[in-house]
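Here is what each chain is made of, one letter per residue.
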Amino acid sequence: MSLRIYNTLAREIQDFAPMEDGHVRMYVCGMTIYDLCHIGHARMMIAFDVVQKWLRASGYQVTYVRNITDIDDKIIKRALERNIPIRQLTDEMITAMHEDFAPLGIDRPTHEPRATEYVPQMASLIQRLQDKNLAYKVEQGDSAGDYMYAVRKFAGYGKLSGKSLDDLRAGERVAVQDGKRDPLDFVLWKAAKPSEPADAKYDSALGCGRPGWHIECSAMSMSLLGETFDIHGGGADLQFPHHENEIAQSEGATGKTFARYWIHNGFLQVDGEKMSKSLNNFFTIRDVLKSYDGETLRFFMLRVHYRRPFNFSDAGLDDARTALKRLYTALTVTTPAVPERIDWSDPFASRFKAAMDNDFGTPEAVAVLFDLASDINRSKSAAQAGLLKALGGTLGLLQDDPTRYLQTGAALDAASIEARIAERAAAKANKDWAGADRIRQALLEQGVVLKDSAQGTTWEYAG
């Protein structure tokens, strides 16, 4: 079975074939870095990290571009609030983003362009649109000097979102701002205002100002991947208007297909409600990592298909941690013999591949991992344990040392626990069963679970 992907543009699952044999070019809309990343960002980043990992596991070379928006109204506002330069804020937030993504097992992309590094390319793209009568300069009013995209002049507008211009006519009831020809038109370039800080202004052939958000992604993706590339991804919230506008700009300028496959991950909710600071249910990645390890959060999210809505809850995280420990426990039964390459003809590997090839079906793939773990517990097979670790690796799971993972979180240090285990062994040797039970119970009250076997006593943290 070859890889099949749900293409938002076609509204169906399609066979995947890249433009260049063996090479996939993929662009994903990244962060607007004015604050710490939240769990909604984690959901999106993990989803596309799995996509690029599976493409590589399937034998493709992947050029993965994930941009950073480092000039934006919110960024300017936050820098002014903190009375620091924009670059200082964005450098700080990029560092924080990388620190937060690392525990989640999210790989760095091939390219991570900053919007401010591509302003000349954005200006050039806007000029191409103006030459084709798809962009115009506002000549009067508060928006004088801005450049707008003329939406009604692009025949394909709405093909990604399914929205027709008639559907959008409700917007015509909104007063048209000075110089804007149509309520549907969107900004490509914002002329500099005297009230804005100097580091928010860029000189270009369009005049002094800064790019609009939509043009940034068009310019960066085409600069790094070409005017047509294979996959464009992002959250469902970006489908309209951001991705719709990217298509209009890019295809309007080049006359070519922009992205061949569009992938969108589903929305995230918290206990069944939209995450919102006003509802007091807003969590940054750092908030979650204070109580749960990054791999548990990743595993929790992979148990739900990327296109489905994801419901975030403490109960779900607790269940995910317990389930992930079951998989790690199977890796302690024997020493895994990890294969150099996965034998996809193996029955477990074949089922796993079929699940992932069906639009990155991580829930079904995870179910295969549990079946394989059960088989390992029965057979004690080092080869099967190695296969479990290898398959988990294609999802960014099960790469930690199993013993270390199972012991992480204990308040007592390992040396103290081992000392207590030795005391218990001595008590048992002296037939002091009550004393041995007291030691076991004392450790259990601190979350340390002892496991006796013919090979001796091991322990893990039950938190």
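Residue positions are given per chain, counting from 1 as you read along its sequence in written order. Owing to the predicted nature of the model, reporting of local features is limited to residues with pLDDT of at least 70; listing and counting of side-chain atom pairs is limited to 80 or more, with chain, interface and lining totals taken over all residues. Hydrogens and waters are ignored; side-chain quantities use all the structure's heavy atoms.

## Section: the packing of aromatic side chains
Right, so step 1: Two rings from Phe, Tyr or Trp (for Trp, the six-membered ring) form a pair when their centres sit within 6.5 Å of each other. Planes less than 30 degrees apart are called stacked, planes more than 60 degrees apart edge-to-face, and all others tilted. Overall, the coordinates contain 15 aromatic pairs when judged by the stated rule.
Right, so step 2: Aromatic side chains Phe229 and Phe258 sit 5.1 Å apart centroid to centroid with 80° between the ring planes, which places their arrangement in the edge-to-face category. With a gap of 29 residues between them, Phe229 in strand S9 (residues 229-235) and Phe258 in the loop between helix H6 (239-254) and strand S10 (259-265) connect regions that are remote in the sequence.
Right, so step 3: Accessible area is worked out with a 1.4 Å probe on protein chains only. A residue is then buried under 20% of its type maximum, exposed over 50%, and partly exposed in between. Residue Phe229 is classed as buried on the basis of its relative accessible area, which comes to 0%. A helix here means a DSSP run of H or I that spans at least four residues, while a strand means a run of E at least two residues long, and both kinds are numbered starting from the N terminus.

## Section: the side chain of Thr254
Right, so step 1: Among the secondary structure elements, Thr254 is positioned in helix H6.
Right, so step 2: Of the residues examined, Thr254 reaches a relative accessible area of 14% and is grouped as buried.
Right, so step 3: What qualifies as a polar contact is a pair of N or O atoms within 3.5 Å, subject to a donor-acceptor requirement within protein and to the restriction that residues adjacent in sequence count only when both atoms come from side chains. Of note is the side chain of Thr254, whose polar atom sits 3.0 Å from the backbone nitrogen of Lys256.
Right, so step 4: Note on definitions: a residue-residue contact is assigned when non-hydrogen atoms from the two residues lie within 4.5 Å. In this view, Thr254 contacts Arg128, Lys132, Met222 and Glu227; residues no more than four positions away in its chain are not counted.

## With respect to empty space enclosed by the protein
Over the atoms rolls a probe the size of a water molecule, and in doing so it shows where empty space is left.
Right, so step 1: Lining residues are defined by having an atom within 4 Å of a point belonging to a cavity or pocket. Those points lie on a 1 Å grid over the protein atoms alone, cavities being sets where a 1.4 Å probe fits but cannot get out and pockets being open sets with protein on both sides within 12 Å along at least five of seven lines. Grid points are joined across faces, edges and corners, and a volume is the space filled by probe spheres set on the points. Counted under the stated rule, the structure contains one cavity of 30 Å³ or more.
Right, so step 2: Here the largest cavity is characterised by a volume of approximately 90 Å³.
Right, so step 3: The set of elements that each furnish at least two residues to the lining of the largest cavity consists of helix H1 (39-57) and helix H8 (294-302).
Right, so step 4: Here the lining of the largest cavity takes five residues from H1, the largest share from any one element.
Right, so step 5: Ten residues, namely Ala, Val, Leu, Ile, Met, Phe, Trp, Tyr, Cys and Pro, are considered nonpolar, four, namely Asp, Glu, Lys and Arg, are considered charged, and the remaining ones, Gly among them, are considered polar. Of the residues that constitute the lining of the largest cavity, the class distribution is nine nonpolar, two polar and one charged.

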